[in-house]
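Chain residues, written in single-letter form:
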Amino acid sequence: MDWFPLGKVSDVPLGGGRYVDTPAGQIAVLRNEEGELFAVHNRCPHRGGPLSEGFVSGKTVFCPLHNWQIDLERGEALPPDQGCVKTFPLKTEGEEIWLGLSEAQP
């Protein structure tokens, strides 16, 4: 696995997110109220809303366009909605966030 630098933990607001352009496309980096970080493709499976602009509560992000709820650990939409987004591993080293990309990534 290759690790891609995403920036600093303090760059990601609590309860929100930001996006980063990476070799795997645009990735939403999200942080919940407890400071846990998550990474998913920055595109809601419903209408393509930017998940980085969504509200994060617990391990769920709410799409800013139509309020779809996406589980940030599994990448799946919560019922009654259906669909999923790709999730990515993250690690932190001090204040720096790193995105794990498999070698098969475009």
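This section reports on the structure supplied with the text. Chains are numbered independently. Their residues run from 1 in the order of the written sequence. Local features in a predicted model are, by the rule used here, given only for residues with pLDDT of at least 70; side-chain atom pairs are given and counted only at 80 or more, and totals for whole chains, interfaces and linings are based on all residues. As a convention, hydrogens and water are excluded, and side-chain values are obtained from all of the structure's heavy atoms.

What follows is about the pattern of salt bridges. Salt-bridge detection follows one rule: a side-chain nitrogen of Lys or Arg within 4 Å of a carboxyl oxygen of Asp or Glu. Under the defined criterion, the tally for this structure stands at six salt bridges. In this structure, the salt-bridge partner of K8 is E96, at a minimum N-O distance of 2.7 Å. Here the residue K8 occupies a position in strand β1 (residues 2-8), and E96 occupies one in strand β10 (residues 96-101), the gap between them amounting to 88 residues. The closest approach of N and O atoms between K91 and E93, which form a salt bridge, is 3.3 Å. A relative accessible area of 29% means that K91 is categorised as partly exposed. You can call E93 partly exposed: its relative accessible area is 46%. A cluster of three or more residues bridged by salt bridges with shared partners is formed by E36, K59 and E73. Each helix corresponds to a stretch of at least 4 residues labelled H or I by DSSP, and each strand to a stretch of at least 2 residues labelled E; elements are numbered beginning at the N terminus. Relative accessibility under 20% of the residue-type maximum defines a buried residue, over 50% an exposed one, and the middle range a partly exposed one, all with a 1.4 Å probe and only protein chains included.

We now examine the sheet that holds β1. Two orientations exist for strands paired in a sheet by backbone hydrogen bonds: parallel and antiparallel. Paired strands, in this sense, are two strands between which DSSP finds at least two bridges. The strand order across the open sheet formed by three strands is β1-β10-β9, and the pairing between neighbours is antiparallel. Strands with a single pairing partner mark the edges of an open sheet, and in this sheet they are β1 and β9 (90-93). Averaged over all adjacent pairs, the angle separating strand axes in this sheet is 30 degrees, with direction ignored. Pairing between β9 and β10: four bridges, direction antiparallel. Residue pairing across strands places E93 opposite E96, the latter belonging to β10. Orientation is described by lines fitted to C-alpha atoms, with helices fitted over the stretch in contact, and by angles between N-to-C directions that extend from 0 to 180 degrees.

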